[in-house]
Amino acid sequence: MGKVVDITDKLSFDGNPTLVVKGKKLEVNADAPTVLKVMNFMQKENVNDMGVVSNMYELILTEKSRTEINKMKPSVNDWMTIVREAMTLVVGDLDGQGE
């Protein structure tokens, strides 16, 4: 049998981060496959295109979070802010300019 190395103690399975909007906790998908898809969108697509943003919204926010957001009936600008902040939470600063 080949060498076996247990790396469990080197990994963190902290769960998903959350955004808080109007007192509601919105869970953001931070698993590697989702974040890699979002990063791929960001590199290949126009991140200001509403169709692209909508696709990222579906990926990055859990179904429960999207339901809560829909109940809030945010304006387009507020909705875009939520999506951008969720993406920033899991992939870092989107424009590379820092905060």
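In what follows, the structure referred to is the one given above.
What you are looking at is a predicted structure, and each value in this text was computed from that prediction instead of being measured.

A.B. asks: Could you give me a rundown of the overall build of the chain, with the residues and numbers involved?
C.D. replies: On a plain count of helices and strands, the chain comes out with 4 helices and 2 strands. Its helices and strands in sequence order give the chain the pattern β-β-α-α-α-α, from N to C terminus. Expressed along its principal axes, the backbone C-alpha trace of the chain runs to roughly 60 × 30 × 25 Å. When burial is assessed residue by residue, the chain has 27% of its 99 residues classed as buried. Counted over contacts in the chain with a minimum sequence separation of 6, partners at least 24 positions apart contribute 58%. Of the roughly 7100 Å² of accessible surface on the chain, a fraction of 50% belongs to carbon and sulfur atoms. Taken as two groups, the 12 positive and 15 negative side-chain charges of the chain have centres that lie 5 Å from each other.

A.B. asks: Requested: an account of the pattern of salt bridges, with residues and values cited.
C.D. replies: Under the criterion given, the structure shown has 3 salt bridges. Linking Glu58 and Arg66 is a salt bridge whose minimum nitrogen-to-oxygen distance equals 3.5 Å.

A.B. asks: Let's hear about the nonpolar core: which residues, and what values?
C.D. replies: Judged by nonpolar contacts, the single largest core of 20 residues is most densely connected at Val28, Ile60, Leu61, Ile69 and Trp79. At the level of secondary structure, the elements contributing two or more residues to this core comprise α1 (32-44), α2 (50-60), α3 (63-72) and α4 (76-91). Considering every element that reaches this core, the biggest residue donor is α4, with 7 residues. Setting aside its immediate chain neighbours within four residues, Trp79 contacts Met50, Val53, Ser54, Tyr57, Ile69 and Pro74.

A.B. asks: Quick rundown of the pairing of strand β1 (residues 18-21)? Include the residues and the values.
C.D. replies: As judged from the 4 bridges shared by β1 and strand β2 (residues 24-27), these two strands associate in the antiparallel manner. Within β2, the residue paired with Leu19 across the bridge is Leu26. Here β1 folds back onto β2, and the loop between the two strands holds 2 residues, one of which, Lys22, carries a positive phi near 50°.

A.B. asks: Lay out α1 in plain terms, naming residues and giving numbers.
C.D. replies: A rise of 1.5 Å per residue sets the reference length of α1, with its 13 residues, at 18 Å; its end C-alpha atoms lie 18 Å apart and thus fit the reference within 8%. Looking only at α1, the buried set comprises Thr34, Val35 and Val38. Relative to the axis of α1, the buried residues are bounded by an arc of 95° and lie together on one face. Away from the buried face of α1 by more than 90 degrees, exposed residues Pro33, Leu36, Gln43 and Lys44 are located.

A.B. asks: Can you explain the side chain of Glu68? Please cite residues and give values.
C.D. replies: By the element assignment, Glu68 lies in helix α3. Residue Glu68 is classed as buried on the basis of its relative accessible area of 16%. When sequence neighbours within four positions are dropped, the list of residues in contact with Glu68 reads Lys24 and Leu26.

About the cut-offs
- Residues numbered from 1 in each chain as written.
- Predicted model: local features only at pLDDT ≥ 70, side-chain atom pairs only at ≥ 80, totals over all residues.
- Heavy atoms only, no water.
- Helix = DSSP H or I, 4+ residues; strand = E, 2+ residues; numbered from the N terminus.
- Buried < 20%, exposed > 50% of the residue type's maximum accessible area, 1.4 Å probe, protein only.
- Contact = heavy atoms within 4.5 Å.
- Areas by Shrake-Rupley, 256 points an atom, 1.4 Å probe, with all protein chains shown as cover.
- Lys, Arg positive; Asp, Glu negative; His and termini not counted.
- Charge placed at Lys NZ, Arg CZ, Asp CG, Glu CD.
- Salt bridge = Lys/Arg side-chain N within 4 Å of Asp/Glu carboxyl O.
- Core = buried A, V, L, I, M, F, W, Y, C linked by side-chain atoms within 4.5 Å.
- Pairing = 2+ DSSP bridges.
- Expected span 1.5 Å × (residues − 1).
- Arc of directions from axis to C-beta.

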